[in-house]
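# An overview of the molecular structure
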Amino acid sequence: DAGVIQSPRHEVTEMGQEVTLRCKPISGHNSLFWYRQTMMRGLELLIYFNNNVPIDDSGMPEDRFSAKMPNASFSTLKIQPSEPRDSAVYFCASRARENTGELFFGEGSRLTVL
Amino acid sequence: DQQVKQNSPSLSVQEGRISILNCDYTNSMFDYFLWYKKYPAEGPTFLISISSIKDKNEDGRFTVFLNKSAKHLSLHIVPSQPGDSAVYFCAVPGRATNKLIFGTGTLLAVQP
């Protein structure tokens, strides 16, 4: 059974360019999370959707970041314009139902902004 | 304000010995606590959890201890194996929105 699928696995771009990261959650899961991993801050929650609706976007760093979930099987995280400090690994995760702890993570998208 | 803290960024242990990873939290109202393990170039994977009504949960070589009075969580791995080398994150649930809040992680290196 396929897990959470993220693309691209690696992205190298120049400052000022738009970056779009994509995620396909596990089929049947109704919650989707975007996390960012950095050395200094560990795993930070950026935004979380429940039944395709954004519930908590308090972790989104600034207006340059936006996320959408147009349907139950697809989500995007967009950074426009990108900056070098956005360089990190971005993880998408999904969960079958609320009030359970286990999240299933994708393999991550490593973003480098030059 | 960080709700969960892992104060040791790294830990090195000899194969066969016990590894103890620690986590401190600030909120007394969490219903459960979790540990995740992450290998390089992979996403984190769930390892073990503990309900707030328990003080110990064991799964094979992995045991999680909860000290509610000290607001402290620990993960014991015994015996440690080289394949246990990974980053370990503790996590707690957010109260209002059912999100998971992770610590900064501890890099465990098990030396053969």
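Residues numbered from 1 in each chain as written. Chains lettered and ligands numbered in written order. Predicted model: local features only at pLDDT ≥ 70, side-chain atom pairs only at ≥ 80, totals over all residues. Heavy atoms only, no water.

## Quick look at the interface of chain A and chain B
Counting residues at the interface gives 24 residues for chain A, matched by 17 residues for chain B. For the pair chain A and chain B, the summed buried surface comes to about 1600 Å²; carbon and sulfur atoms form 56% of the total. The tally of links from chain A across to chain B stands at one salt bridge. Among the salt bridges present, the one from B:Lys99 reaches A:Asp56, with a minimum N-O distance of 2.7 Å. (Contact = heavy atoms within 4.5 Å. Buried area = accessible area lost by both parts, 1.4 Å probe. Salt bridge = Lys/Arg side-chain N within 4 Å of Asp/Glu carboxyl O.)

## A short note on the nonpolar core
All names here are of chain B. Formed by 24 residues in total, the largest nonpolar core has its most connected members in Phe-33, Trp-35, Leu-73, Leu-75 and Tyr-88. Mapped onto this core, the elements with two or more residues apiece are β3 (19–25), β4 (32–38), β5 (45–51), β7 (62–67), β8 (72–77), β9 (86–93) and β11 (106–111). Take this core: its biggest share by element is four residues, from β9. (Core = buried A, V, L, I, M, F, W, Y, C linked by side-chain atoms within 4.5 Å. Buried < 20%, exposed > 50% of the residue type's maximum accessible area, 1.4 Å probe, protein only. Helix = DSSP H or I, 4+ residues; strand = E, 2+ residues; numbered from the N terminus.)

## A short note on the sheet that holds β7(B)
Residue and element names in this part refer to chain B. Across the sheet, which stays open at both edges, the five strands sit in the order β1-β3-β8-β7-β6 with antiparallel pairing between neighbours. Either end of the sheet is taken by a strand with one partner, and the two such strands are β1 (4–5) and β6 (56–59). Strand direction decides the pairing type here: β6 and β7, joined by four bridges, are antiparallel. Residue pairing across strands places Glu-58 opposite Thr-63, the latter belonging to β7. (Pairing = 2+ DSSP bridges.)

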